[in-house]
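Coordinate analysis (summary)
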Amino acid sequence: MSEAERTRERETDSGSGAVTDADSGHSDEETSDSGKQLFSVRALVVAFVAIGGGMTLGSLVPVIPFTAIAGIPLGAFLHGLLDSQRRYAETVLAGGLLASLAVVTSLLPQLVAGLNGTRLFAVAAAVGAVLGLVGHYFGRDLRDGLTKDI
């Protein structure tokens, strides 16, 4: 069936005003919601790169401790500012994993010597996830403000 024939067979639903397709019975509202992905591997890789870059820039600050962790919201902010879709899940996962990895690798000699690192790993993951979430939120907020018509 051609696109023109499908268009002719569309009829308006009298209750909600939504357009339904005669062949499938799906409305445009249902297909637009089902087309959204909740999680994207590509966006996760971009979040890892953005947050990793922010952590790298943060770690370049000398003398002040934990500046790499302060780079997480910077990278998440840039990810939220530049991405056209909301990617909170990917940013939270990337922020949590990279923060816990940074803390564990920086304390690796102490972990080998007998320090229990599971709580440290969990706390660092939680802090990184929250920082990633906050950074992404503010990036999305700025993007929304910049792209909105006055």
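A brief structural summary. This structure is a prediction, so every number in the text was calculated from the model and none was measured.

Another aspect to go through is the overall build of the protein chain. The number of helices and strands found in the protein chain is 7 helices and 2 strands. Scanning the protein chain from its N terminus toward the C terminus, one meets helices and strands in the order α-β-β-α-α-α-α-α-α. Counting the 150 residues in the protein chain, one finds 29% classified as buried. By element, 63% of the accessible surface of the protein chain is carried by carbon and sulfur atoms, the whole surface being about 10000 Å².

Under the defined criterion, the tally for this structure stands at 1 aromatic pair. Between the aromatic rings of Y137 and F138, the centroid separation amounts to 5.4 Å while the plane-to-plane angle is 70 degrees, which identifies the pairing as edge-to-face. By relative accessible area, which is 45% here, F138 ends up partly exposed.

Bringing a nonpolar patch on the surface into the picture now. Side chains of L38, F39, V41, V45, V49, L93, L97 and F121 sit close together on the surface and give an oily, nonpolar patch of about 790 Å² of accessible area. In terms of residue count, helix α3 (residues 41-59) provides more of the nonpolar patch than any other element does, 3 residues in total. Among the structural elements, V49 can be located in helix α3.

Procedures and definitions
- Residues numbered from 1 in each chain as written.
- Predicted model: local features only at pLDDT ≥ 70, side-chain atom pairs only at ≥ 80, totals over all residues.
- Heavy atoms only, no water.
- Helix = DSSP H or I, 4+ residues; strand = E, 2+ residues; numbered from the N terminus.
- Buried < 20%, exposed > 50% of the residue type's maximum accessible area, 1.4 Å probe, protein only.
- Areas by Shrake-Rupley, 256 points an atom, 1.4 Å probe, with all protein chains shown as cover.
- Phe/Tyr/Trp six-rings, centres within 6.5 Å; stacked < 30°, edge-to-face > 60°.
- Patch = residues over 30% accessible without salt bridge, like charges linked within 9 Å, V, L, I, M, F, W, Y side chains within 5 Å.
- Salt bridge = Lys/Arg side-chain N within 4 Å of Asp/Glu carboxyl O.

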